[in-house]
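Here is how the chains run, residue by residue.
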Amino acid sequence: MSNQYLKQIVDKNYQYGFVTAIESDTFAPGLSEEVIRKISQRKNEPEFMLQWRLRAYQHWLTLSSPRWAHVKFPEIDYQNIIYYSAPKVKKDGPKSLEEVDPQLLETYKKLGIPLHEQSRLAGVAVDAVFDSVSVATTFKTKLAEAGVIFCSFSEAVQEHPELVEKYLGTVVPFRDNFFATLNSAVFSDGSFVYIPKGVRCPMELSTYFRINAANTGQFERTLIIADADSHVSYLEGCTAPMRDENQLHAAVVELIALDNAEIKYSTVQNWYPGDEQGRGGIYNFVTKRGACRGKHSKISWTQIETGSAITWKYPSVILQGDHSVGEFYSVALTNHHQQADTGTKMIHIGKNTRSTIISKGISAGFGQNTYRGLVRVLPQADHARNYTQCESLLLSNTCGAHTFPYIEAKNPTAQIEHEAYTSKIGVDQLFYCRQRGLSVEDAVCMIVNGFCKRVFNELPMEFAVEAQKLLEVSLEGSVG
Amino acid sequence: MLMIKNLHAAIQDEKQKTKSILHGINLHVRPGEVHAIMGPNGSGKSTLANLLAGREDYQITQGEMWLDGQNLMDLTPEARARAGLFLAFQYPVEIPGVNNMYFLKAAVNSVRKHHQLPPLDAMDFLTLIKSKIKEVGMDEKFLSRAVNESFSGGEKKRNEILQMLMLSPKLAILDETDSGLDIDALQSVAKGVNSLRAPSRSIVVVTHYQRLLNYIVPDVVHVMVKGKIIKSGGKELALELEEKGYGWLSESVEQV
Ligand SMILES: Nc1ncnc2c1ncn2[C@@H]1O[C@H](COP(=O)(O)OP(=O)(O)O)[C@@H](O)[C@H]1O
Ligand SMILES: [Mg+2]
């Protein structure tokens, strides 16, 4: 009965679909060794970077696109993608926020991410990535006082090559998988964070990714290193214009936590999802992995995935250090013809390692939502523990939810608990709310938000409200 | 206040077969009156209560329902609620992750909005809810829990009464609010309901047992069997039913 209502409610209107008309330095479409050399040259990279890229490229040529995920899409023509597009800069690039192109500042303002340090998000430092390059990073001076390095990847390669060389590819090697390998060859920018020993990062760090140029792939790379006894909370957000063709976003994120360090990584993913017929939208094929290298270290992933035509990602944790902790909290919403195949891998290597997985999938329209998770306990990982809970909420009769949990326990002391539920949005719940005077729209938002509560609680305060609003916008419709 | 005329209703079962449940219900509840509807399991009491509240699974094949001169059939469930119709559910629903107090506040304010009143601010709301929660004998800790989640049967029923007191409806329908309650809870519920009695309000109590009617004394008692009201009378009728069961009445229904 209420399906008609529900359909109207979950029909989203995407607010970030505009295009910024800006002059840019854009390569011709196509991929070759030449293109990779050109990217490296544009960025004035040291030799080790170029060699690494070329090795990745040679390896990539031997691979073919993986097909195991529960997603469908036509073959991607990699020669038809533009691998580098950067807004033109007058001089060598902006030295300070004042020098950033006002049009770019305006774009970020429209996206709700003001790049002024005195803005609403005054407690958050932002690195703004526009197509292939970082255009601004705020609060650098304040962070530098605490010893924190927060800058674009390109800048890190110039200023801190020893850190980049030491850690790059140590969590996600360039051979890791098709998309990670491609990224290693062609990545153009991203964010870099280093938190020195004993430092608690004084503010939230965040990167905001914006795809603007047509036909362009975005391949960024983020590397976060939390040295011993340090702590950092990092958030990424992203949007893209509405276009009829699909665009590829193949990012890599590597996290490294040393002894007693803690990294909290949150994502609010709102790439353009495509239209109601499933035309257009971003292919979000991302490799995210963290290594708890040190004892008592902790890595926590929280993701709110509401955008993209296809989301394909498994933020994972390798629990090497004894007593280390890995967490994964996820809300994935698929509407219309969106597809998501997402989950995590928790690899227990150290003793007394613990992991928690909380996954909430919401499907509407013809959306397909898959949870895929691996919990692996290696023989030496005595007393490893995992708790997994996956719940799916269906808002229509034409959507789907799928759960693929893989458990490999090679140590008899492992304790692994798994719970999975699927529920239809209760006609009973809806009627109950309406009987108390709530509109269908408010009732659905309330029920869905309640369903996601456990995950929202994990987001940094500044963003919990944003995430809730985003979900409400995604569920907004014409009722009432 | 409430006028039901010759109401017939049916439902489609899983095999898409139409099963008729109500066969011509007539009921007239005046302002200030308390009516009790009694009857054996499966006679259609909850169906009637849900129909009044606007549940859409049922088909109304014939008849009319009016609340204060408004045709209920023209109103969505939320419009009925805002117009002052409240149903205390036989099986209150759990809404995981939704804070009970937040839920109540949303409900109260949506009804206020309908009446063009400004939303209650946090302080006024808190003052109000603290006084009401005492009346129903609930611990304040239930306010910070999720709506009905892992509440016991009795706690759910008290929560329904709390919601009713907060919304102070024109017409309250209580569907077996007494079932599964211990004597303490029963008395709290009755106290809550009685505090709502007023010349401008009407209450319909659906129950199985006459026990509750010792505390909430009805003006009229109806007996419903197999989708029909087969007898109506004063409060003595409830006692008579308690003594004799429904058998002596249902025999006569076969002939109707
Ligand atoms: N959703 C439904 N699907 C099929 N049959 C139903 C449904 N709801 C009620 N009924 C049937 O209608 C009749 C009346 O039920 P109900 O109104 O719950 O009775 P009461 O509240 O008096 O116990 C019963 O035979 C019941 O099985
Ligand atoms: Mg009943």
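Structural data are supplied above this passage.
It should be emphasised that the depicted structure is a prediction, and the values quoted were computed from it without experimental measurement.

(A) Quick look at the overall build of chain B. From N to C terminus, chain B includes eight helices and 12 strands. Taken against the 2.2 N^0.38 rule, which gives 18 Å for 256 residues, the C-alpha radius of gyration of chain B at 18 Å falls within 12% of a compact globule. Overall, chain B is about 60 × 40 × 40 Å in size when its C-alpha atoms are taken along their principal axes. Long-range contacts, defined as pairs at least 24 residues apart, comprise 69% of the intrachain contacts of chain B with a sequence gap of at least 6. Within the structure as shown, chain B displays about 11500 Å² of accessible surface, and the carbon and sulfur contribution to it stands at 50%. Side chains of chain B give 30 positive and 30 negative charges; the mean places of these two sets differ by 2 Å.

(B) Region of interest: the nonpolar core. Ranked by internal contacts, the top residues of the largest apolar core, which has 68 residues, are Ile362(A), Leu2(B), Leu22(B), Leu52(B) and Phe103(B). If one sorts the elements of this core by residue count, helix α10 (residues 440-456) of chain A sits on top with 10 residues. With residues up to four places along the chain from it excluded, the contact list for Ile362(A) reads Val331(A), Ala332(A), Leu333(A), Thr334(A), Asn369(A), Leu393(A), Leu395(A), Val448(A), Phe451(A) and Cys452(A).

(C) Structural view of the sheet that holds strand β1 (residues 2-12) of chain B. Residues and elements named next belong to chain B. Pairing is antiparallel in the open sheet, where four strands are placed in the order β2-β1-β4-β5. One side of each edge strand has no neighbouring strand; the edge strands of this open sheet are β2 (18-29) and β5 (70-71). Relative to strand β4 (residues 58-67), β1 runs antiparallel, the two being bridged by eight bridges. When the sheet's bridge partners are listed, isoleucine 11 is paired in β4 with tyrosine 58.

(D) Geometry of the packing of helix α3 (residues 47-60) of chain A against helix α8 (residues 178-186) of chain A. All names here are of chain A. One way to put it is that α3 packs onto α8 with a least axis distance of 7 Å and a crossing angle of 145°. The handedness of the crossing between α3 and α8 is left-handed. Taken together, the residues of α8 that come into contact with α3 (itself represented by Trp52, Arg53, Ala56, Tyr57, His59 and Trp60) are Phe178, Thr181, Leu182, Ser184, Ala185 and Val186. Residues belonging to the contact of α3 with α8 are distributed by class as follows: eight nonpolar, three polar and one charged.

(E) Representation of the pairing of β4(B) in the model. Residue and element names in this part refer to chain B. The sheet contact formed by β4 and β5 spans two bridges and is antiparallel. If you follow tryptophan 66 over to β5, its bridge partner there is asparagine 71. Between β4 and β5, which pair antiparallel one after the other, the connecting turn spans two residues, and aspartate 68 there sits at a positive phi close to 50°.

(F) Representation of the interface of chain A and chain B within the structure. Counting residues at the interface gives 20 residues for chain A, matched by 33 residues for chain B. Looking at the side of chain A facing chain B, the largest losses of area belong to Phe431(A), Tyr432(A) and Arg436(A), adding up to 35% of the total buried there. Remark: the boundary between chain A and chain B carries four salt bridges. Among the salt bridges present, the one from Arg55(B) reaches Asp428(A), with a minimum N-O distance of 2.8 Å. Counting every contact that joins chain A to chain B gives 14 residue pairs in polar contact (both at pLDDT 80 or more). Sorting the residues of the side of chain A that touches chain B by element identifies α9 (427-435) and α10 of chain A as the ones contributing at least two each. Per-element accounting of the side of chain A that touches chain B gives the leading share, eight residues, to α9(A).

(G) Quick look at the environment of Pro119(B). On the secondary structure map, Pro119(B) appears in the loop between α3 (100-114) and α4 (122-135). Along the primary structure Pro119(B) and Ala106(B) are separated by 13 residues, whereas in three dimensions their C-alpha atoms are 9.2 Å apart.

(H) Main features of the coordination of the magnesium ion (ligand 2). All names here are of chain B. Every protein donor of the magnesium ion (ligand 2) is accounted for by Ser46 (OG) and Gln90 (OE1), and the metal-donor separations fall at 2.0 to 2.3 Å. On the criterion of sequence distance, the pair formed by serine 46 in helix α1 (residues 45-53) and glutamine 90 in the loop between β6 (85-88) and β7 (95-99) is long-range, its members being 44 residues apart. Among the residues examined, glutamine 90 registers a relative accessible area of 17% and is labelled buried.

(I) Highlighting the site of ligand 1. Residue and element names in this part refer to chain B. Near ligand 1, the surroundings consist of Ile11, Lys19, Ile21, Pro40, Asn41, Gly42, Ser43, Gly44, Lys45, Ser46, Thr47 and Tyr58. Interatomic distance of 2.9 Å between a side-chain N/O atom of serine 46 and an oxygen atom of ligand 1. At 2.5 Å from an oxygen atom of ligand 1 is found a side-chain nitrogen or oxygen belonging to threonine 47. Burial of ligand 1 by the protein amounts to 67% of the accessible area it has alone, namely 560 Å². Mapped by element, the contributors of at least two residues to the shell around ligand 1 are β2 and α1. Here the shell around ligand 1 gets three residues from one element, more than from any other, and that element is α1. Here the residues of the shell around ligand 1 sort into four nonpolar, six polar and two charged.

(J) Focus on the sheet that holds β6(B). All names here are of chain B. Overall, mixed pairing links the six strands, which are arranged β6-β9-β10-β3-β11-β12 in an open sheet. One side of each edge strand has no neighbouring strand; the edge strands of this open sheet are β6 and β12 (228-233). Here the average twist between neighbouring strands, direction ignored, is 20°. Bridging between strand β3 (residues 34-38) and strand β11 (residues 220-225) involves four bridges; their strand directions are parallel. In the strand pairing of β11, histidine 35 is matched with valine 220. Strands in contact with helix α5 (residues 153-167) are β6 and β9 (171-175); relative to β6, the strand with the most contacts, it is inclined by about 170°.

(K) Structural context of the pattern of salt bridges. In total, this model carries 26 salt bridges over all chains according to the counting rule given. Residues Arg37(A) and Glu33(A) are paired through a salt bridge, measuring 3.1 Å at the closest nitrogen-oxygen approach. Of this pair, Arg37(A) and Glu33(A) both sit in helix α2 (residues 33-42), four residues apart, which is roughly one turn of the helix. Relative accessible area serves as the criterion here: at 32%, Glu33(A) is assigned to the partly exposed category. A salt bridge links Asp341(A) to Arg372(A); its shortest N-O distance comes to 2.7 Å. Note that Asp341(A) is positioned in strand β18 (residues 339-348) and Arg372(A) in strand β20 (residues 368-377), a separation of 31 residues in sequence. Grouping residues by exposure puts Asp341(A) and Arg372(A) together as buried. Connected via shared salt-bridge partners are Asp428(A), Arg55(B) and Asp57(B).

(L) Main features of the packing of aromatic side chains. Counted by the stated rule, this structure contains 25 aromatic pairs over all chains. Aromatic side chains Phe431(A) and Phe89(B) sit 5.8 Å apart centroid to centroid with 85° between the ring planes, which places their arrangement in the edge-to-face category. With Phe431(A) in helix α9 and Phe89(B) in the loop between β6 and β7, this residue pair bridges two chains. This pair shows no difference in class: Phe431(A) is buried, exactly as Phe89(B) is. The interplanar angle of 45° and the centroid separation of 5.1 Å between the aromatic rings of Tyr432(A) and Phe89(B) together place this pair among those described as tilted. Here Tyr432(A), found in helix α9, pairs with Phe89(B), found in the loop between β6 and β7, and the two come from separate chains. Connected via pairs of aromatic rings, a cluster forms that spans Tyr57(A), Trp60(A), Trp68(A), Phe73(A), Tyr78(A), Phe178(A), Phe179(A), Tyr283(A), Phe285(A), Trp312(A) and Tyr314(A). The aromatic ring of Phe73(A) is capped on one face by Arg67(A), whose charged end is 4.9 Å from the ring centroid.

What counts, and at which threshold
Residues numbered from 1 in each chain as written. Chains lettered and ligands numbered in written order. Predicted model: local features only at pLDDT ≥ 70, side-chain atom pairs only at ≥ 80, totals over all residues. Heavy atoms only, no water. Helix = DSSP H or I, 4+ residues; strand = E, 2+ residues; numbered from the N terminus. Rg over C-alpha atoms; globule rule 2.2 N^0.38 Å. Contact = heavy atoms within 4.5 Å. Areas by Shrake-Rupley, 256 points an atom, 1.4 Å probe, with all protein chains shown as cover. Lys, Arg positive; Asp, Glu negative; His and termini not counted. Charge placed at Lys NZ, Arg CZ, Asp CG, Glu CD. Core = buried A, V, L, I, M, F, W, Y, C linked by side-chain atoms within 4.5 Å. Buried < 20%, exposed > 50% of the residue type's maximum accessible area, 1.4 Å probe, protein only. Pairing = 2+ DSSP bridges. Axes fitted to C-alpha atoms, helices over the stretch in contact; angles between N-to-C directions. Left-handed = near helix turned anticlockwise from the far one by under 90°. Nonpolar A, V, L, I, M, F, W, Y, C, P; charged D, E, K, R; others polar. Buried area = accessible area lost by both parts, 1.4 Å probe. Salt bridge = Lys/Arg side-chain N within 4 Å of Asp/Glu carboxyl O. Polar contact = N/O pair within 3.5 Å; in protein donor to acceptor, adjacent residues only side chain to side chain. Donors = N, O, S within 2.8 Å, 3.2 Å for Na, K, Ca; no water. Near = heavy atom within 4 Å. Phe/Tyr/Trp six-rings, centres within 6.5 Å; stacked < 30°, edge-to-face > 60°. Lys NZ or Arg CZ within 6 Å of the ring centre and 35° of its normal.

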